[in-house]
There are 2 protein chains.
Amino acid sequence: MDRGVRFLNACRRLPVDCTPVWIMRQAGRYLPEYRAVRARVGFFELCKTPDLVAEVTVQPVDRLGVDAAILFSDILVPLEGMGLPVVFDDAGPHLPEPVRTAADVARLAVPDPIEATGFVMEGIRRTRAALGGKVPLIGFAGAPFTLAAYAVEGGGTKSFSRIKGLLFSDPHTAHRLLERIGRTIGAYLAAQVEAGAEAIQVFDSWAGVLAPSDYAHFALPYTKQVIDAVPKGRVPIIVFGVETGSLLEQLAETGADVVGVDWRVPLDEARRRVGPAVAVQGNLDPCSLLAPPAEIERRVLDVLARAGDAPGHVFNLGHGILPETPVDHAVAMVEAVHRLSARPRAA
Amino acid sequence: MDRGVRFLNACRRLPVDCTPVWIMRQAGRYLPEYRAVRARVGFFELCKTPDLVAEVTVQPVDRLGVDAAILFSDILVPLEGMGLPVVFDDAGPHLPEPVRTAADVARLAVPDPIEATGFVMEGIRRTRAALGGKVPLIGFAGAPFTLAAYAVEGGGTKSFSRIKGLLFSDPHTAHRLLERIGRTIGAYLAAQVEAGAEAIQVFDSWAGVLAPSDYAHFALPYTKQVIDAVPKGRVPIIVFGVETGSLLEQLAETGADVVGVDWRVPLDEARRRVGPAVAVQGNLDPCSLLAPPAEIERRVLDVLARAGDAPGHVFNLGHGILPETPVDHAVAMVEAVHRLSARPRAA
């Protein structure tokens with residue numbers, strides 16, 4: 001089977017010759033060739049330079065042998081066009097002008113995605129050209145709740161008390177914020193598909209800080225909104241969050257084709273809970289790649305066994321690859337996934 | 001019913017006149033009278049001064065009207081006696097000499113709890129005297145996995161890559177570390193009960209970073225070990241962690257009488273999963289207390305409704321109370337729990 005088809009087939013629950021695999025943050029700091037590029041340009045400058053985006057997006061494809069590329073960018077990129085400057089520095093991203101009041105929300109723009117983030121679309125076109133059809137290119141965006149959490153918190157948080165304080169104390173303003181972000185991200189994803197993204201992953205990275213009833217009110221409708229903005233059936237859509245063990249059934253209701261699962265829920269249980277109408281993606285603990293290759297193989301086999309033989313499994317880590325991961329270990333994982341999942345040819 | 005009996009009855013799944021309630025970190029920074037004490041003494045000095053421990057432990061009992069007191073201390077306190085100095089500063093606790101090698105593990109002591117932490121036992125005795133039987137006193141300790149994670153990471157971490165790197169790459173050394181911590185904590189808890197603690201909470205705060213199969217290997221046996229060290233049936237034991245949605249069944253197997261549940265799993269589902277042989281504790285999202293009292297009451301009612309009418313529910317937050325919580329809101333929560341759960345007197 002063509003390496004370019006494996007991932008898209010699995011997303012659509014069609015048969016594959018072996019389980020496709022890619023790695024969240026596969027274009028990232030653990031790769032020396034990525035660090036070499038970053039030694040020359042800052043993180044945000046890299047995101048805004050289409051030729052460099054194409055270069056680092058393609059880097060892991062041959063190095064690791066993965067079955068998909070994911071566009072190098074950041075979920076916070078579209079916030080700038082809404083009027084929210086974002087700063088990336090060593091302490092992580094932060095927003096110097098966070099959203100705190102109804103007036104702050106009222107000031108937010110819903111920008112045209114080409115005007116505000118044309119560099120992303122150009123990055124997609126150049127990456128597609130650089131990939132030459134070898135593997136499909138995944139575009140992505142943050143889900144509205146996660147982006148609203150960044151917008152309101154302004155930076156790192158353990159308690160998420162500012163965003164939840166807003167949700168629980170002033171739901172009217174919270175819904176207006178989520179709706180504006182939802183329109184922005186919906187248009188942004190549609191533009192990515194128009195530019196050539198062959199699949200989409202929606203990162204609701206922080207969904208798991210919400211109780212299921214709060215997720216149902218403040219996150220699910222807006223994740224649906226952005227998924228609905230992508231022309232139906234045009235490209236497979238993956239929805240992913242961490243600590244979503246109590247939310248899997250709701251993630252399966254978003255309209256996504258694939259539910260990404262972190263390492264906390266075994267895939268056999270995850271498949272039972274999301275049902276047969278969606279595929280699953282995951283879910284090796286990223287820290288597994290710090291273990292020796294024999295232990296990595298044992299853990300890969302466990303994930304594959306739990307995923308089972310039914311079509312509809314995309315192998316991935318349960319979260320982004322860690323910067324301290326030895327590249328050889330990532331290669332060993334990809335190789336083990338392909339080898340241990342190889343199906344006999346159809347008669 | 002005597003306020004002193006409500007909490008212990010609920011832990012043992014016996015009938016109560018209304019649902020008992022206490023709050024994790026109820027003696028803490030949100031209370032002005034606690035901040036007044038802390039303005040005079042450092043955190044660790046406070047932990048080591050029995051009269052002050054008694055003072056701050058008792059502070060919230062009348063102020064909030066809660067049904068139990070929990071000893072003011074920190075889960076890292078017993079690590080010092082093992083040979084691991086702990087520093088508490090504004091950036092949170094850290095260990096300047098973390099455990100990284102088999103030789104580091106071999107050097108760890110299993111101290112006598114009276115010699116190493118006699119100040120804790122004296123704090124328990126003075127707190128019991130200060131409480132005068134009004135409400136029971138809960139003692140506590142960290143579970144071995146969580147303490148091992150602190151010992152190996154040495155400080156804050158998002159990925160837990162050092163502790164998991166050890167578990168996955170050198171399980172032999174990891175088990176030796178866990179076993180030593182387990183013996184230390186088992187003796188520490190038994191000494192607390194001997195000194196007068198009337199219930200015990202085991203905080204496996206970071207259990208939720210482990211996949212269920214890793215929890216089964218590296219955490220569950222050692223949590224059992226420390227619970228087994230407390231004389232059987234003498235005091236109720238609560239086991240608690242966050243992000244434990246995939247671990248509830250295993251938490252119910254630890255031998256604890258009560259499983260604490262964070263806010264991510266609705267209590268009706270939690271009770272179904274832990275079964276009728278254990279009680280549950282929880283599980284209001286701590287951020288709920290930032291909302292207006294009417295919204296707090298609505299959320300309290302939801303937790304009570306999900307907990308149902310069967311005996312065996314201790315109301316609590318799903319994690320520690322946030323420093324920015326208005327005291328009046330905590331009072332409103334306690335009052336709402338008692339009022340909304342009041343049972344008609346038995347005929």
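Nothing here was measured: the structure is a model prediction, and the numbers come from that model.

Student: In this structure, what is going on with the overall build of chain A? I would like to understand it.
Tutor: Along the backbone of chain A there are 15 helices and 9 strands. A compact globule built from 347 residues would reach a C-alpha radius of gyration of about 20 Å, and chain A, at 19 Å, matches this within 12%. Principal-axis analysis of the C-alpha atoms places the extent of chain A at approximately 65 × 45 × 35 Å. Scored against the burial criterion, the 347 residues of chain A give a buried share of 56%. Taking as baseline every contact in chain A between residues at least 6 positions apart, the subset at least 24 positions apart corresponds to 73%.

Student: Mind showing me how you'd approach the interface of chain B and chain A here?
Tutor: The extent of an interface is frequently quoted as the accessible surface area lost upon association of the parts. Tallying the contact residues gives 25 residues for chain B and 26 residues for chain A. Tallying contributions element by element places helix α8 (residues 161-169) of chain B first for the side of chain B that touches chain A, with 5 residues. A class-by-class count of the residues in the side of chain B that touches chain A yields 12 nonpolar, 7 polar and 6 charged.

Student: Explain the packing of helix α6 (residues 113-131) of chain B against helix α9 (residues 171-195) of chain B here, please?
Tutor: A pair of packed helices is characterised by two quantities: the angle between their axes and the separation of those axes. Residue and element names in this part refer to chain B. Look at α6 against α9: their axes get within 9 Å of each other, and the N-to-C directions meet at 35°. Regarding α6 and α9, the two cross each other, and that crossing is right-handed. Contacts from P113, I114, T117, V120, M121, I124 and R125 in α6 reach A187, Y188, A191, Q192 and A195 in α9. Considered class by class, the residues forming the contact of α6 with α9 number 9 nonpolar, 2 polar and 1 charged.

Student: I would appreciate a short explanation of the sheet that holds strand β5 (residues 199-203) of chain A in the present structure.
Tutor: Sheets are built from strands that pair by backbone hydrogen bonding, the pairs being arranged parallel or antiparallel. Residue and element names in this part refer to chain A. The 7 strands are arranged β1-β4-β5-β6-β7-β8-β9 in an open sheet whose pairing can be described as parallel. Every interior strand has two partners, whereas the edge strands, β1 (69-70) and β9 (313-317), have only one. As paired strands, strand β8 (residues 279-284) and β9 are joined by 5 bridges and run parallel to one another. When the sheet's bridge partners are listed, L284 is paired in β9 with L317. Across the sheet, helix α11 (residues 220-228) touches β4 (137-142), β5 and β6 (237-240), and the angle it forms with β5 is around 160°.

Student: Just to check I follow, could you spell out the relation of the copies chain B and chain A for this structure?
Tutor: Each of the two chain copies can be brought onto the other by rotation about an axis and movement along it. Once chain B is rotated about the relating axis by 180° and shifted along it by 0.0 Å, it coincides with chain A to within an RMSD of 0.0 Å. Taken together, these values place the two copies in the relation of a two-fold axis. Closest approach to the rotation axis among the C-alpha atoms of chain B is made by G245(B), whose C-alpha sits 3.1 Å away. Comparing interface residues between copies, 100% of those in chain B also lie at the interface in chain A; the contact surface is shared.

Student: Would you mind going over the sheet that holds strand β9 (residues 313-317) of chain B with me for this structure?
Tutor: All names here are of chain B. Ordered by their spatial adjacency, 7 strands build an open sheet running β1-β4-β5-β6-β7-β8-β9, and the pairing between neighbours is parallel. Sheet topology places β1 (69-70) and β9 at the edges, where each strand pairs with a single neighbour. For strand β7 (residues 258-260) and strand β8 (residues 279-284), the ladder comprises 3 bridges, and the chain directions are parallel. Bridge pairing links V259 to V280 in β8. Contacts from helix α11 (residues 220-228) reach β4 (137-142), β5 (199-203) and β6 (237-240), with the element oriented near 160° to β5.

Student: Can you walk me through unusual backbone geometry in this structure?
Tutor: Generally, phi is negative for residues other than glycine and the peptide bonds are trans, each holding for most cases. In this structure, the amide linkage connecting G282(A) to the following residue, N283(A), adopts the cis form with an omega of -5°. Within the secondary structure, N283(A) sits in strand β8. Even without glycine at this site, R13(B) takes up a positive phi of about 60°. Mapping R13(B) onto the fold places it in the loop between α1 (3-11) and α2 (32-38). C-beta crowding within 10 Å serves as the criterion here: with 19 such atoms nearby, R13(B) is assigned to the partly exposed category. The phi dihedral of E243(B) falls on the positive side, at around 55°, and the residue is not glycine. Here E243(B) shows up in the loop between β6 and α12 (248-251).

Student: Just checking my understanding: could you explain the confidence of the model for chain A for this structure?
Tutor: Detailed conclusions should not be drawn from predicted coordinates in areas where pLDDT is low. Averaged over every residue, the pLDDT of chain A is 96; residues scoring 70 or more account for 99%. Here the predicted complex scores 0.96 on pTM and 0.95 on ipTM.

Student: In this structure, what is going on with the pairing of β9(A)? I would like to understand it.
Tutor: In summary, the side chains of a regular strand alternate between the two faces of the sheet. The element β9(A) is extensively covered by neighbouring structure, given that 5 of its 5 residues are classed as buried. After leaving β8(A), the chain enters helix α14 (residues 293-307) of chain A and then returns to the sheet as β9(A), a path that is right-handed.

Student: For this particular structure, what's the right way to read the environment of A216(B)?
Tutor: Residues and elements named next belong to chain B. Along the chain, A216 turns up in helix α10 (residues 212-218). In this structure A216 comes out as partly exposed when scored by C-beta crowding, with 14 C-beta atoms within 10 Å. Along the primary structure A216 and L251 are separated by 35 residues, whereas in three dimensions their C-alpha atoms are 9.9 Å apart.

Student: Mind showing me how you'd approach the environment of D285(A) here?
Tutor: Relative to the assigned elements, D285(A) resides in the loop between β8 and α14. A residue is classified by how many C-beta atoms lie within 10 Å of it, and D285(A), with 26 of them, is buried. For the pair D285(A) and V259(A), spaced 26 residues apart in the sequence, the C-alpha separation amounts to 16 Å. Look past the residues within four positions of D285(A) in its chain and what remains in contact with it is W263(A), G318(A), K164(B) and A211(B).

Student: When you look at the environment of R128(A) in this model, what are you seeing that I'm missing?
Tutor: All names here are of chain A. Of note, R128 is situated in helix α6 (residues 113-131). Remark: the alpha-carbon pair of R128 and T57, spanning 71 residues in sequence, is separated by 9.9 Å. Excluding residues within four positions of it along the chain, R128 makes contact with L137 and G196.

Cut-off values and rules
- Residues numbered from 1 in each chain as written.
- Chains lettered and ligands numbered in written order.
- Predicted model: local features only at pLDDT ≥ 70, side-chain atom pairs only at ≥ 80, totals over all residues.
- Helix = DSSP H or I, 4+ residues; strand = E, 2+ residues; numbered from the N terminus.
- Rg over C-alpha atoms; globule rule 2.2 N^0.38 Å.
- Buried ≥ 20, exposed ≤ 12 C-beta atoms within 10 Å, placed from the backbone.
- Contact = placed C-beta atoms within 7 Å.
- Nonpolar A, V, L, I, M, F, W, Y, C, P; charged D, E, K, R; others polar.
- Axes fitted to C-alpha atoms, helices over the stretch in contact; angles between N-to-C directions.
- Left-handed = near helix turned anticlockwise from the far one by under 90°.
- Pairing = 2+ DSSP bridges.
- Least-squares fit on C-alpha atoms with pLDDT ≥ 70 in both.
- pLDDT = per-residue confidence, 0-100.
- Right-handed = clockwise from strand over helix to strand, strands pointing away.

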